[in-house]
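Next come the chains, spelled out residue by residue.
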Amino acid sequence: MNTVAESSALRAEIVDMLYANNRRSLMAAIVVMVALLLVQQPLINHTILGVWTGVFLTAYGARAFLTRQYEKDQQHALHSGRWLQWFRVSTGFCGVAWGLAGILLFPETDTAHQAFLIFALVGVSGAAIIIYSIDTLTSNLFSGGIVVFMIPRFIMHGSSVSLALAVLFIVYVIYVTLAGRSLALSLRENISLRIASNLDNQKVHQLAYYDFLTGLPNRRLLADRLNQAFARCARNQSYGAVLSLDLNNFKGLNDSKGHQAGDELLQQVAMRLQECLRKKDTIARMGGDEFIAVLDELSTDKAEAAAAAQVAAGKMMSVFSQPFQLQNTRYRTAPSIGICLFLGDHCSQADVLMRADIAMYQAKKSDNLNSIQMYDEATHPAIEMRATLENELAFALQANQFMLYYQVQVDAQQQPIGAEVLLRWQHPTLGMIPPDQFIPIAEATGEIVAIGQWVLAQACQQLKCWSHSAATASLQLSVNVSAIQFSQPDFVQIVTETVQASGCDPRRLCLELTESLIVKNLDEVIEKIDALKALGISFSLDDFGIGQSSLLVLKRLPLDELKIDRSFIKDIVYNSYDAFIVQTIINMGKNLGHSVIAEGVEMQQQVTLLQDMGCHCFQGYLFSRPLPLPAFEGSLLSATQPLSKPSHLQQAQALPGKA
Ligand code: C2E
Ligand code: CA
Ligand code: CA
């Protein structure tokens, strides 16, 4: 036996075998008893017969009662020690009852009846010794009970026949006991082997389906339980719920107090959560500090199910009201809980888990710590879309799904002077995705660095391409640069290499920056801009007017152009306040020596007003929408006059050698 578990499992099996034989041995005992009474009754006093029958029935009646009680005990395996003791005691009594038969039913004078008695007792003890041999003490108690009472009686009788019978009886009992012992040994070995392999299987099962740290079901078992819950809910058309629970600031605890404290907290949280849920609910650990609860068959009514799930979430929340004891210090924490209801056949497991997670993140983001959030289909599609885009974005560049559109920029005579390069994501199933939707995601994931680099390389190659034709050689391309891209330590080096590798004229390249970038590390920003300006690249400040830059900061920045944000241009004709701001921006730009371009120009009145204000460069739907390259080049060809140099930059930056 290796472990306590193995030895108690073995004992439980042995006790089970002993009790299982009881009914049959009771039947056999009664048959033998009746035969003995019938055969011996002509020679034995009937009162004595009655006394023995009483003793016999008491012993075997008690045993039948014991067997019944054992069968009724659902957890007899857990109390096998106690049941074994009772079995031994009752077996001892039965042995004594048979031993008394050897005394009370012994006919003094009739050798044939003596032989019959000994024959019956030999049979009974032989069978009992073999049946009980699995537990040596039980077997010995039974045979001992017979031998102790019967043998003295045979010896006391004094005849040579009864003496011989007594000796034979003892030899027989010893022989059968020894035979029973070797049988019992191999039986025990077999049972032990089976138990060990069962326990091994259980161990493998435990490792495969339960979390090592907390003992809760793991991800794999959760999938199985969710499947069952889905099936049940679908069958009964009732709602279930998945609750996603995540501890607040768990990383902080791990960092400040170490992983051991983190592990202790997870174990205690697991224990408390398990206690607070119904038996049929599942609580699983997904890894880290994330737990998932599955609540089954809450209600056929959605509102009722939602209320029940909220109650369960509240219970889970309440187990955090008491502090946890971590390495002798008290620690308080709270979770965020997201809830998603399911009906079983309406969506996939992954969807439900993701939605519960989304709701949980919403709960986390809300100002209220200890918060519970229900997933709401009406408010969450945008979040789901974002999750989808985030996954797909990682492969978009590799899969060649990006393309560039070009939107023309014109001068005072409304002649093309250049274009802004605008990124488009041609998704195979979602179609054309506008940059406003995926650029913020690319910035959040860091993907923007590679994407921006790709845009820059394309723009440089395009400029090189255009340099060969007189109609396009003087066009300028404006490329949007994300703050994250610009803050890369090797930004200057990469832009320099890209421009040089393409062989384009850097004076035709303009980088559009936003004010968000300029707020931090101004000196570093100036240094980078100066380094690239030395190559001939120009810089524009995009979306100007909506940011917070102070005049002082603006004055220090070595820019070439201010691009007035389209939100001011939009209402410039009707809104005198917007018109005033635009006038101020134009004046400021001129004073700083920058050119000024207005974007989002959609109407001729806007152009006229802007011209009056002193702005002579424009971009907007009035001239053209952003177009794919062939359409853009086609629109240039249809322009009546030859293209001029980007005059809006000439004021700010002389183009050496290319006048
Ligand atoms: P942005 O730099 O302000 O680009 C101008 C946006 O205004 C473009 O939207 C353009 O289509 C739109 N627009 C142009 N004329 C008009 C007009 O007359 N009326 C109106 N209502 N809109 C007009 P788009 O192409 O959707 O780009 C949106 C934003 O995405 C850009 O704003 C820019 O911030 C970002 N973006 C685009 N391409 C890139 C890129 O290659 N890199 C980076 N980092 N950002 C990019
Ligand atoms: Ca721009
Ligand atoms: Ca802009």
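All values reported here derive from a predicted model rather than from experimental measurement.

Procedures and definitions
- Residues numbered from 1 in each chain as written.
- Chains lettered and ligands numbered in written order.
- Predicted model: local features only at pLDDT ≥ 70, side-chain atom pairs only at ≥ 80, totals over all residues.
- Heavy atoms only, no water.
- Donors = N, O, S within 2.8 Å, 3.2 Å for Na, K, Ca; no water.
- Helix = DSSP H or I, 4+ residues; strand = E, 2+ residues; numbered from the N terminus.
- Salt bridge = Lys/Arg side-chain N within 4 Å of Asp/Glu carboxyl O.
- Buried < 20%, exposed > 50% of the residue type's maximum accessible area, 1.4 Å probe, protein only.
- Near = heavy atom within 4 Å.
- Polar contact = N/O pair within 3.5 Å; in protein donor to acceptor, adjacent residues only side chain to side chain.
- Areas by Shrake-Rupley, 256 points an atom, 1.4 Å probe, with all protein chains shown as cover.
- Nonpolar A, V, L, I, M, F, W, Y, C, P; charged D, E, K, R; others polar.
- Expected span 1.5 Å × (residues − 1).
- Bend = angle between axes of the 7 residues up to and from the residue.
- Domains from an automatic or database assignment.
- Patch = residues over 30% accessible without salt bridge, like charges linked within 9 Å, V, L, I, M, F, W, Y side chains within 5 Å.
- Phe/Tyr/Trp six-rings, centres within 6.5 Å; stacked < 30°, edge-to-face > 60°.
- Lys NZ or Arg CZ within 6 Å of the ring centre and 35° of its normal.
- Disulfide = S-S within 2.5 Å.
- Core = buried A, V, L, I, M, F, W, Y, C linked by side-chain atoms within 4.5 Å.
- Contact = heavy atoms within 4.5 Å.
- Pairing = 2+ DSSP bridges.
- Axes fitted to C-alpha atoms, helices over the stretch in contact; angles between N-to-C directions.
- Parallel < 35°, antiparallel > 145°, perpendicular 65-115°, else oblique.

1. Description of the coordination of the calcium ion (ligand 2)
Coordination of the calcium ion (ligand 2) by the protein comes from E420 (OE), N480 (OD1), E512 (OE) and D542 (OD), over a distance range of 2.2 to 2.3 Å. Each donor residue of the calcium ion (ligand 2) lies on one chain, and together they are spaced E-x59-N-x31-E-x29-D. Between the calcium ion (ligand 2) and the calcium ion (ligand 3) the interatomic distance comes to 3.9 Å, and D542 is a ligand of both metals. One end of the pair, E420, is in strand β9 (residues 416-427); the other, E512, is in strand β12 (residues 509-513), with 92 residues separating them in the sequence.

2. Side note on the pattern of salt bridges
Tallied over the full model, the rule gives 17 salt bridges. Of the charged contacts, one joins R232 and D296 as a salt bridge, the two residues approaching to 2.5 Å between their closest N and O atoms. With R232 in helix α8 (residues 219-236) and D296 in strand β3 (residues 290-299), this pair connects stretches of sequence that are 64 residues apart. Overall, R232 belongs to the partly exposed group, its relative accessible area being 28%.

3. Examining the site of ligand 1
Taken together, the neighbourhood of ligand 1 is formed by 21 residues, with Q407, R424, R566, E602 and Y621 sitting nearest. In this structure, E420 approaches ligand 1 through a side-chain N or O atom, which is 3.1 Å from an oxygen atom. The contact in question runs from a nitrogen atom of ligand 1 to an N or O atom on the backbone of L423, over 3.1 Å. Relative to its free-state accessible area of 800 Å², ligand 1 is covered by the protein chains to the extent of 87%. When residues of the shell around ligand 1 are traced back to their parent elements, those giving at least two are β9, α14 (435-445) and β13 (538-544). The element contributing the most residues to the shell around ligand 1 is β9, with four residues. Partitioned by chemical class, the residues of the shell around ligand 1 number eight nonpolar, five polar and eight charged.

4. Observations concerning helix α6 (residues 136-157)
Counted at 1.5 Å a residue, the expected span for α6 with its 22 residues is 32 Å, and the 31 Å between its end C-alpha atoms agrees. The axis of α6 is deflected most strongly, by about 25°, at V147. One or two steps after α6, the chain reaches G158, where phi turns positive at roughly 85°.

5. Quick notes on the domain arrangement of the chain
Domain parsing of the chain yields domain 1 (4-205), domain 2 (219-380) and domain 3 (385-548 + 623-653). Its C-alpha centre places domain 2 at a distance of 46 Å from the equivalent point of domain 3.

6. Remarks on the coordination of the calcium ion (ligand 3)
Around a metal, the ideal angle is 109.5 degrees if four donors adopt a tetrahedral arrangement and 90 or 180 degrees if six donors adopt an octahedral arrangement. In the first shell of the calcium ion (ligand 3), the protein supplies D542 (OD), D543 (OD), E599 (OE) and E599 (OE), at 2.0 to 2.8 Å from the metal. Going along the chain, you hit the donors of the calcium ion (ligand 3) in the pattern D-D-x55-E. Here D543 falls in the partly exposed class, since its relative accessible area comes to 24%.

7. A word on a nonpolar patch on the surface
Taken together, the side chains of I30, V34 and L38 make up a nonpolar region of the molecular surface, amounting to roughly 250 Å² of accessible area. The topology assignment puts V34 in helix α2 (residues 22-40).

8. Re unusual backbone geometry
If you check the backbone angles, Q327 has positive phi at about 45° while not being a glycine. Structurally, Q327 can be placed in the loop between β4 (324-326) and β5 (329-331). Positioned with a positive phi, N400 is a non-glycine residue whose angle comes to about 60°. As for its position among the elements, N400 is in the loop between α13 (381-396) and β8 (402-410). You can call N400 exposed: its relative accessible area is 62%.

9. Comments concerning the side chain of Q114
Structurally, Q114 is set in helix α5 (residues 111-132). At a separation of 3.2 Å, a polar atom in the side chain of Q114 contacts the main-chain carbonyl oxygen of E108.

10. As for the packing of aromatic side chains
In this structure the tally under the stated criterion is 23 aromatic pairs. Judged by centre distance (5.8 Å) and plane angle (65°), the ring pair of Y132 and F142 falls under edge-to-face. Taken together, the residues Y132 in helix α5 and F142 in helix α6 connect sequence positions 10 residues apart. Counting every residue linked through ring pairs, the aromatic cluster contains Y19, Y70, W83, F87, Y132 and F142. The ring of F87 has R63 lying over it, and the distance from NZ or CZ to the ring centre is 4.5 Å. The cationic tip of R82 hangs over the ring face of W83; the distance from NZ or CZ to the ring centre is 6.0 Å.

11. Brief notes about the state of the cysteines
Throughout the structure, instances matching the rule amount to zero disulfides. C233 supplies the cysteine sulfur nearest to C276, a cysteine that is in no disulfide, at a spacing of 19 Å. Residue classification places C276 among the buried positions, given a relative accessible area of 15%.

12. As for the nonpolar core
Of all hydrophobic cores here, the largest spans 73 residues; its most connected members are F486, L509, L511, F539, V582, L610 and F618. In terms of residue count, the dominant contributor to this core is helix α15 (residues 448-466) (eight residues). With residues near it in sequence (within four places) discarded, L509 still touches L456, C460, L463, L477, V479, V499, I537 and S538. With 49 residues, the next largest nonpolar core counts L18, I118, I129 and M150 among its residues.

13. A look at the pairing of β13
β13 sits mainly inside the fold: six of its seven residues count as buried. Here β12 runs beside β13; their pairing, made up of four bridges, is parallel. Of the residues in β13, the one forming a bridge with L513 is L541. In this structure, β13 lies alongside strand β14 (residues 561-564), joined through three bridges in parallel fashion. Opposite F544, over in β14, you have I564 as the bridge partner.

14. A closer look at the packing of helix α9 (residues 250-257) against helix α10 (residues 259-276)
Contact pair α9 / α10: the axes reach a minimum separation of 6 Å and the direction vectors enclose 140°. When the axes of α9 and α10 are compared, the pair comes out oblique. Of the residues in α10, those touching α9 at F250, L253, N254 and K257 are H259, A261, G262, L265 and L266. Residues of the contact of α9 with α10, tallied by class, amount to five nonpolar, three polar and one charged.

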